[in-house]
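# Structural features, examined
For reference, the chains in residue letters:
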Amino acid sequence: MSNLPGVWGTWGGYLPFFVAGFLASEPWRWAGALIGRDLDPNSEVFIWVRAVSSAIVAGLVARLVVFPTGAMAAMSAPTRYGAAAVGIAAFFAFRKNLGAGVLAGTLALLAGHFIIG
Amino acid sequence: MRAFWQGTLAMYGVPALVLYAGILGYGAFAREVGLTLGQALALPIFLQALPAQVVLADHAARGASLAAAALAVSLTAVRFLPMTVVIMPWLKGHSGPRWHELLVVHFVAVTVWIEGLRRLPTAPAEVRLVYYLGIGVGILTGTLASTALGYLAAGTVPQWMAAALLFTMPLTFLLAMIETARSRADHFAIVAGVVIAPFASMWLPGFDLLVTGLAGGTLAWVLGRWRRA
């Protein structure tokens, strides 16, 4: 049994999470499946929806780098932005290789942290 | 069945491995705020989305009401609607009943979505649904293992290492998106999202990703049309 306060410790400790978790998020996926099924991938609406989801994920990325939480908050802003730039440059330099970009960016972050601070 | 196991191999790909690094942090966080190991493992199964898991665990730890927690989680999950719409053309060429589609879209979340967009086009149409199910189940398996590891190893990793592990996630998402972008609108959308989100985050916390998506995506679509004309 959990030590969580209020409703969260009741109903075995799982049902509240099922209700506020699964039931609160899953309908969005079902709606997407029903709408997306009959949409032509070459239609303007589809191109727009694709652009919206790309912007959302790109926004998530920017938020994580610009307003870091947890351990990443210990890295200075120049270190974070510089490391992201190095990662992107390496990704293109190695002909869009995902592993090369991520590795170079992460090494740049550590180098920046220990050299610049 | 072969397509399923080929899909599960995605759990060893770069986006997935990087996700696990972030999940280690979630596991440690879940323990810190007082969830049992069972609850920490239940959240990824229910939600299959790291940001929503952190939001929900945080609300539970602070004793928030069920309604407030459900609203916050639902806001982080709105993005699954457009993401599911985008992946659907790859998932509907199968011969099974339609409700199978409603089951596999449970795995729509950034990492599985990106892996789906990268890998589905290379698979034959009739096995794509099963292949996608394999990707989802494979990555969920890795997610549960990392959650347990992070929960049990909480506080034993030096901070610089934790920071490096966390940093790989946004970088991987960004690079994988550039890799899968096809049209001009896709490229414009990535730039617009990166530029708009920090401002939206300051001015409209809670709704920031929604606003970023609608404003940035619409702008990108208009620019993309204009460039085609």
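Rules behind the numbers
- Residues numbered from 1 in each chain as written.
- Chains lettered and ligands numbered in written order.
- Predicted model: local features only at pLDDT ≥ 70, side-chain atom pairs only at ≥ 80, totals over all residues.
- Heavy atoms only, no water.
- Contact = heavy atoms within 4.5 Å.
- Buried area = accessible area lost by both parts, 1.4 Å probe.
- Salt bridge = Lys/Arg side-chain N within 4 Å of Asp/Glu carboxyl O.
- Polar contact = N/O pair within 3.5 Å; in protein donor to acceptor, adjacent residues only side chain to side chain.
- Helix = DSSP H or I, 4+ residues; strand = E, 2+ residues; numbered from the N terminus.
- Nonpolar A, V, L, I, M, F, W, Y, C, P; charged D, E, K, R; others polar.
- pLDDT = per-residue confidence, 0-100.

### A closer look at the interface of chain B and chain A
It is common to give the size of an interface as the accessible area lost on bringing the parts into contact. Facing 95 residues of chain B, the contacting portion of chain A comprises 78 residues. For the pairing of chain B and chain A, the buried interface totals around 7,400 Å² over both sides, and the portion due to carbon and sulfur atoms is 76%. The largest contributions to the chain B side of the interface with chain A come from B:Phe46, B:Leu66 and B:Phe167, which together make up 10% of the buried area. Inspection of the region where chain B meets chain A yields four salt bridges. Taken together, the connections running from chain B to chain A amount to 16 residue pairs in polar contact (both at pLDDT 80 or more). Ranked by residue count, the leading element in the side of chain B that touches chain A is helix 10 (residues 159–180) of chain B, at 19 residues. Taken together, the residues that form the side of chain B that touches chain A break down as 61 nonpolar, 22 polar and 12 charged.

### Brief notes about the confidence of the model for chain A
Looking at chain A as a whole, its pLDDT mean stands at 88, while 97% of the residues score no less than 70. Mean pLDDT per element in chain A: helix 2 (residues 44–66) of chain A is the minimum at 88, and helix 3 (residues 77–93) of chain A is the maximum at 96.

### Comments concerning the environment of A:Trp48
Within the secondary structure, A:Trp48 is located in helix 2. Along the backbone, A:Trp48 and A:Gly82 are 34 residues apart, and their C-alpha atoms lie at a distance of 32 Å. The residues contacting A:Trp48, other than those within four sequence positions of it, are B:Leu214, B:Gly217, B:Thr218 and B:Trp221.

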